[in-house]
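Now for the letters of each chain:
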Amino acid sequence: MALHVEPLPLLQDNYAYLLIDDVKARAVVVDPSEGAPVIASLSARGLHLAAIWCTHHHIDHVGGIDTLARAFPGIEVVGSEYDRANERIPRQSRAVQSGDTLEFADTTFEVVEVPGHTLGAVAYVGGGHAFTGDTLFLAGCGRLFECTAAQMSTSFDRLGALPVATQLWVGHEYTVKNLEFALHVEPGNAAVAARLDAARALRAEGRASVPGSVEEELATNPFLRSRAADVIDFARRHGAEGDAPAQIFAAIRLAKDQF
Ligand SMILES: [Zn+2]
């Protein structure tokens with residue numbers, strides 16, 4: 001396949017991603033919080049920028065667009081219909097919604113609306129990769145800024161239903177903290193304990209913990225495990241109003257806010 005993905009650590013703990021077409025020496029950048037480091041990465045690799053894809057409008061995901069647009073005049077900027085209607089992604093030139101597709105590097109990427117962190121959040125899914133922004137983090141979940149826990153829970157159902165080998169590229173390096181919370185929720189989950197050790201070892205070497213797979217998430221992410229007995233038990237002890245997945249999800253999200 002002509003496509004590969006490289007994470008770019010930016011700001012304190014953000015990730016932008018380069019989707020690189022090795023044959024045509026072109027790249028798409030996902031969520032450029034800063035412009036200059038993206039331009040430096042492109043020129044170091046001899047790549048031309050083909051488009052900017054945004055998962056949502058927060059400044060730590062779109063802050064580099066103006067700088068990139070000056071370097072690549074007329075560059076296509078993709079984001080959700082909702083974010084365009086609210087004019088909150090700079091220079092957005094294309095609006096997408098669930099079911100729309102984007103073509104890059106002989107790969108079709110599908111847009112999946114994943115409201116929860118923000119109402120306009122979208123994921124880009126294709127070629128065995130998914131870019132989830134601040135909706136799903138490895139072993140964790142974004143904060144509920146504009147949506148209900150029920151909406152986020154539905155978005156997690158969508159992401160959790162992707163093929164288990166799908167590689168998840170997320171918006172922030174929060175993996176160790178998320179796994180510490182996951183172990184607090186499920187102290188007996190050996191997969192969580194092992195993944196926490198692995199993530200700590202990677203971070204100690206200064207390496208990124210991304211990507212993770214859907215399979216790993218289903219085994220370790222408490223927000224995808226609202227049917228696991230220990231997760232239900234934890235949620236009950238933390239104020240869940242019932243056993244419905246959205247109610248379990250809401251209680252876990254609240255407990256994480258206070259962890
Ligand atoms: Zn955000």
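The present account deals with the structure reproduced in this document.

Definitions and cut-offs
- Residues numbered from 1 in each chain as written.
- Predicted model: local features only at pLDDT ≥ 70, side-chain atom pairs only at ≥ 80, totals over all residues.
- Heavy atoms only, no water.
- Helix = DSSP H or I, 4+ residues; strand = E, 2+ residues; numbered from the N terminus.
- Buried < 20%, exposed > 50% of the residue type's maximum accessible area, 1.4 Å probe, protein only.
- Contact = heavy atoms within 4.5 Å.
- Polar contact = N/O pair within 3.5 Å; in protein donor to acceptor, adjacent residues only side chain to side chain.
- Donors = N, O, S within 2.8 Å, 3.2 Å for Na, K, Ca; no water.
- Tetrahedral: all angles 85-135°; square planar, octahedral: opposite > 155°, others 65-115°.
- Phe/Tyr/Trp six-rings, centres within 6.5 Å; stacked < 30°, edge-to-face > 60°.
- Core = buried A, V, L, I, M, F, W, Y, C linked by side-chain atoms within 4.5 Å.

## Concerning the environment of Glu216
Stage number 1. Tracing the sequence through the fold places Glu216 in helix 8 (residues 214-220).
Stage number 2. The exposure class of Glu216 is partly exposed, given its relative accessible area of 34%.
Stage number 3. In this structure Glu216 touches Arg195 and Asn221, once residues within four positions along its chain are discounted.
Stage number 4. Among the polar contacts made by the side chain of Glu216, one reaches the main-chain amide nitrogen of Ser213 at a distance of 2.8 Å.

## Topic: the coordination of the zinc ion
Stage number 1. Bound to the zinc ion on the protein side are His56 (NE2), His58 (ND1), His117 (NE2) and Asp134 (OD), at distances that span 2.2 to 2.3 Å.
Stage number 2. Seen from the zinc ion, its 4 donor atoms lie at angles of 87 to 169°, and the figure they make is irregular.
Stage number 3. Ordering the donors of the zinc ion by residue number gives the pattern H-x1-H-x58-H-x16-D. Just as His56 is buried, His58 falls in that class too.

## A closer look at the packing of aromatic side chains
Stage number 1. Within this structure, the stated rule accounts for 12 aromatic pairs.
Stage number 2. On the basis of an interplanar angle of 90° and a centroid distance of 6.2 Å, the ring pair of Phe181 and Phe234 is categorised as edge-to-face. Remark: Phe234 occurs in helix 9 (residues 229-237) and Phe181 occurs in helix 6 (residues 175-185); sequence separation between them is 53 residues.
Stage number 3. Ring pairing ties together the aromatic residues Phe156, Phe181, Phe223, Phe234, Phe249 and Phe259, which thus form one cluster.

## Some details on the environment of Ala201
Stage number 1. Among the secondary structure elements, Ala201 is positioned in helix 7 (residues 190-204).
Stage number 2. Since its relative accessible area comes to 39%, Ala201 is described here as partly exposed.
Stage number 3. Each C-alpha atom of the pair Ala201 and Ala40 lies 28 Å from the other, and the pair is 161 residues apart in sequence.

## Some details on the nonpolar core
Stage number 1. If you look at the biggest cluster of nonpolar residues, it comprises 54 residues, and the most contacted ones within it are Leu19, Trp53, Tyr124, Phe131 and Ile252.
Stage number 2. Here the element with the most residues in this core is helix 10 (residues 245-257); it accounts for 5 residues.
Stage number 3. In this structure, Phe131 is in contact with Val5, Tyr17, Leu19, Val30, Thr55, Phe109, Val122, Ala123, Tyr124 and Trp169, ignoring residues within four places of it in sequence.
Stage number 4. Grouped together as the second largest cluster of nonpolar side chains are 21 residues, Ile20, Leu42, Leu47 and Ile89 included.

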